[in-house]
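A closer look at the structure
In case you want the letters, here they are:
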Amino acid sequence: MKLPGGVGETAQAGMSPHTRERLGHVLDTSTRTRPAFAAALIVLTVAAAWLGTYAAGGTKSVLPQMFYLPIIFAAGRFGWAGAVATAGLSGIVTGPLMPLDVAAGLAQTPEAWVARLIAFLTVGVVVAWLTGESRVSVIDFARDARAARVLLRGLERGDFTVRYQPVVDLSTGRTTGFEALCRWDGAPLGSAAPSVFIPLAERTGTVGPIGRFVLRGALRQGAAWQSDGCDVLMAVNVSAHQLSDPDLFSQVRAALLGEGLRPENLCIEITETAIVRDRPTALGHLQALHDLGVTIALDDFGSGHASLAYLLDFPIDILKIDVAFVSTVDSDVKSAALVSGIVQLARALGAKTIAEGIERPEQLDTLRAIGCDYGQGYLLGRPGPAPSGSALREPDLPAVT
C-alpha cells in the first residue's frame, strides 16, 4: 500500500483567531524560556499560591485554584513529566501541608486532599496532551478511534480486496510483474479511494493488520502464478509504520513460507519517508530481506531530499521514477534529462528502473528511447483482479524493433 502521511487538525481549531493567537504566543514564549528559569518560576508560583491560600484562611477558601496556573505552565513547557511533577507538588502542599482552617488549626481529611491531587493531575495531563507536539484534538482522537474500529470490522468482514497493476518490460512488451494495491469496496460511504482510507489507516495504527492482509493475499496470488509456470515479480508496498515494526522480517519470511512463494519473486517497495522514520530499523529489515533473496524497490525516486544518500547504504535493486517526471518526459527537455540521468545512475549501480504513471503513447516512446527498463501506468494496465496465467504469456505491447 502506498501511504501518504495524514495529519489531524490542531487542538486550537475551534478557537477564535484572537484566542488562538494569544495561546500560541503564550506557548511559544514558554517553549523559549530556559529550563532552569522555567522550573524556578514554577516553584515560586507554587510557593506563592501556598502563601496566598494560607493567608486567606486555608483550603476552605477558593485560593487553591491558583495552583492550576503553575500546573498549566509546567504542562506547556515540560509536557507530561512537568505536569505530573507540578501537580504532585501542588497536591502535597495543599494537602498534608495546608490546614483546612488556619485560625482553628483544623487539618483536612485525607479524602479531601487526595481528591484535589487527582484534579490537579487530571488537568495537568490533559493540558500536556492538548499542547503537545502532535496537536491532536480530543475530537480528532475520538474520530480516529471510531475510524479504527470501522477499518478493523471491514477487514474482518472481507471488505478489503487486493488489486494488481501490471509492470511491463518496455523492450519486450511482456508483463514481468505486478504491484499489489489495496481497495476498500465495502466502506460505509461506498467504495473509498485509497487516498482517503490509507492515510486514516496509517494515522490510527490499523495499517499493520491491513498491510499483513495485503501481503498474504499478494503472496498467495504470486504463488498461484508461480505454480502455473509464470515467473512474475510481485511488488508489495510497506509503510513507514510497518518498516519500523521489529517483527517485519519474521512476518515476511513466515508469509513466504506459508504461501509457498519464492523470495526472489517478491519485491518490497519502500519510500524515502518510510526510511526516514526509523533509519536503523529500516536498514536492518531491508538488508535481512535482501539477503533472503527479496528484491527491494525505492518508490517515488527523485521526489525526496536525500534519495542519493540512501542508494549508498540501502540494498536498492529497483528505482521507481516519480510520476512527476514521467508526466512531462515527452514534452519537457528538463524532465527527459532528469529521467535519462536516473536511468544512467541506476545502471551504474546495477539497479533497474520503472517509470510510474505512463498514460500517453508519447511518454512510452520517449521512455523507450531513453532506455528505461520497465513501465507502469494506465496506458499499460489499470489495477484490477488477478489475470490468469495464460493471459500473462502474451505481450501487452509490441516489442521494440
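Every value quoted in this text rests on a predicted model; they were computed, and no experiment measured them. (Residues numbered from 1 in each chain as written. Predicted model: local features only at pLDDT ≥ 70, side-chain atom pairs only at ≥ 80, totals over all residues. Heavy atoms only, no water.)

**A closer look at the overall build of the chain**
The following threshold applies: For helices the rule is a DSSP run of H or I covering at least 4 residues; for strands it is a run of E covering at least 2, with both sets numbered from the N terminus onward. Throughout this description, buried means an accessible area under 20% of the type-specific maximum (1.4 Å probe, protein chains only), exposed means over 50%, and partly exposed covers the range between. Every residue pair with non-hydrogen atoms within 4.5 Å of one another is taken to be in contact.
For the chain, the count of helices and strands is 16 helices and nine strands. In the chain, which comprises 401 residues, the proportion classed as buried is 43%. The long-range fraction of contacts in the chain, counting pairs at least 24 apart against all pairs at least 6 apart in sequence, stands at 70%.

**What about the pattern of salt bridges?**
Pairing between side chains of opposite charge can happen when their charged atoms approach one another. Put simply, the test is: A pair is scored as a salt bridge if a Lys or Arg side-chain nitrogen falls within 4 Å of a carboxyl oxygen belonging to Asp or Glu.
Inspection of every chain in the model, using the stated rule, returns 11 salt bridges. Here glutamate 179 makes a salt bridge to lysine 320, at a shortest N to O gap of 3.3 Å. On the criterion of sequence distance, the pair formed by glutamate 179 in strand β2 (residues 175-187) and lysine 320 in strand β7 (residues 318-321) is long-range, its members being 141 residues apart. Using a relative accessible area of 0% as the deciding quantity, one classes lysine 320 as buried. Across the salt bridge formed by aspartate 313 and arginine 279, the nearest N and O atoms sit 2.4 Å from each other. Linking aspartate 313 in helix α12 (residues 307-313) with arginine 279 in helix α11 (residues 279-292), this pair joins segments that are 34 residues apart in sequence. Connected via shared salt-bridge partners are Glu179, Glu269, Lys320 and Glu356.

**Considering the confidence of the model for the chain**
The following threshold applies: Per-residue confidence from the predictor is given as pLDDT, running between 0 and 100.
Averaged over the chain, the pLDDT score is 83; the fraction of residues at 70 or greater is 84%. For the stretch residues 1-32, pLDDT sits under 50, and the model shows 49 contacts to residues farther than four places along the chain or on other chains.

**A short note on helix α6 (residues 194-204)**
Looking only at α6, the buried set comprises Phe197, Ile198, Pro199, Leu200, Ala201 and Glu202. Once α6 ends, the next one or two residues include glycine 205, with phi positive near 80°.

**Topic: the environment of alanine 103**
Structurally, alanine 103 can be placed in the loop between α3 (68-93) and α4 (110-130). Each C-alpha atom, one on alanine 103 and one on tyrosine 54, is 9.9 Å from the other, the two residues being 49 residues apart in sequence.

**Quick notes on the pairing of strand β8 (residues 352-355)**
Side chains on a regular strand alternate between the two faces of the sheet. Rules: Strands pair, by our definition, only if DSSP identifies at least two bridges between them. Throughout, right-handed denotes a crossover for which the path from the first strand over the helix to the second runs clockwise when the strands point away from the viewer.
In this structure, β7 lies alongside β8, joined through four bridges in parallel fashion. Following the sheet pairing, leucine 319 is matched in β8 by threonine 353. Pairing of β8 with strand β9 (residues 374-375), which is carried by two bridges, proceeds in the parallel orientation. When the bridges of β9 are listed, isoleucine 354 appears paired with tyrosine 374. Taking the sense of rotation as the criterion, the β-α-β connection linking β8, helix α15 (residues 361-370) and β9 turns out right-handed.

**Description of the nonpolar core**
Our working definition: Among the buried residues, those of types Ala, Val, Leu, Ile, Met, Phe, Trp, Tyr and Cys that are joined through side-chain atoms within 4.5 Å form a nonpolar core.
Core analysis: the biggest nonpolar cluster contains 72 residues, and Leu266, Ile270 and Leu367 have the highest contact counts within it. No other element matches helix α7 (residues 207-227), which puts eight residues into this core. Setting aside residues up to four positions removed in sequence, leucine 367 forms contacts with Leu170, Val326, Val329, Val339, Ala355, Ile358 and Cys372. Among the nonpolar cores identified, the runner-up in size contains nine residues, and Ile42, Ala49, Ala74 and Val93 belong to it.

**Quick word on unusual backbone geometry**
With a phi close to 55°, aspartate 300 is a non-glycine residue in the positive phi region. Of note, aspartate 300 is situated in strand β6 (residues 295-301).

**Topic: the packing of α7 against helix α9 (residues 248-259)**
Heads up, the condition is: To obtain each axis, a line is fitted to C-alpha atoms, and for helices this fit is confined to the stretch in contact; angles are then taken between N-to-C directions over 0 to 180 degrees. Take the far helix as the reference: if the near one is turned anticlockwise from it by less than a right angle, the crossing is left-handed, and if turned clockwise, right-handed. Classification used: nonpolar for Ala, Val, Leu, Ile, Met, Phe, Trp, Tyr, Cys and Pro, charged for Asp, Glu, Lys and Arg, polar for all others including Gly.
Contact geometry of α7 with α9 gives a least axis separation of 9 Å together with a crossing angle of 35°. Here α7 and α9 pass one another in a crossing that is right-handed. On α9, the residues touching Arg212, Leu215, Arg216, Leu219, Arg220 and Ala223 of α7 are Gln251, Val252, Ala254, Ala255, Leu256, Gly258 and Glu259. The residue inventory of the contact of α7 with α9, partitioned by class, reads seven nonpolar, two polar and four charged.

**Topic: the packing of α3 against α4**
Selection rule: Under this scheme an angle from 65 to 115 degrees is roughly perpendicular, one under 35 degrees roughly parallel, and one over 145 degrees roughly antiparallel; angles in between are oblique.
Packing of α3 against α4 leaves a shortest axis separation of 8 Å and a crossing angle of 175°. By the angle class used here, α3 and α4 are roughly antiparallel. Packed against α3, whose contacting residues are Tyr68, Ile71, Ile72, Ala75, Gly79, Trp80, Ala83, Val84, Ala87, Gly88, Ser90 and Gly91, the element α4 presents Trp113, Leu117, Ala119, Phe120, Leu121, Val123, Gly124, Val125, Val127, Ala128 and Trp129 at the interface. Grouping the constituent residues of the contact of α3 with α4 by class yields 18 nonpolar, five polar and no charged.

**A look at the environment of glycine 293**
Here glycine 293 is to be found in the loop between α11 and β6. Put simply, glycine 293 and asparagine 265 are 28 residues apart on the chain and 8.5 Å apart in space, counted from C-alpha to C-alpha.

**A few points about the packing of aromatic side chains**
Note the cut-off: Pairing of aromatic side chains requires ring centres within 6.5 Å, counting the rings of Phe and Tyr and the six-membered ring of Trp. Pairs whose planes differ by under 30 degrees are stacked, by over 60 edge-to-face, and all others tilted. Over a ring means this: the NZ of a Lys or the CZ of an Arg is within 6 Å of the ring centre and within 35 degrees of the ring normal.
Within this structure, the stated rule accounts for eight aromatic pairs. Ring geometry for tryptophan 184 versus phenylalanine 197: centroids 5.8 Å apart, planes at 75°, classification edge-to-face. Here the residue tryptophan 184 occupies a position in strand β2, and phenylalanine 197 occupies one in helix α6, the gap between them amounting to 13 residues. With a relative accessible area of 6%, tryptophan 184 lands in the buried category. Cluster of aromatic residues (ring-pair linked, three or more members): Phe67, Tyr68 and Phe120. Positioned above the aromatic ring of phenylalanine 78, the side-chain terminus of arginine 77 is 4.9 Å from the ring centre. Sitting over the ring of tyrosine 378, arginine 382 keeps its end group 3.9 Å from the ring centre.

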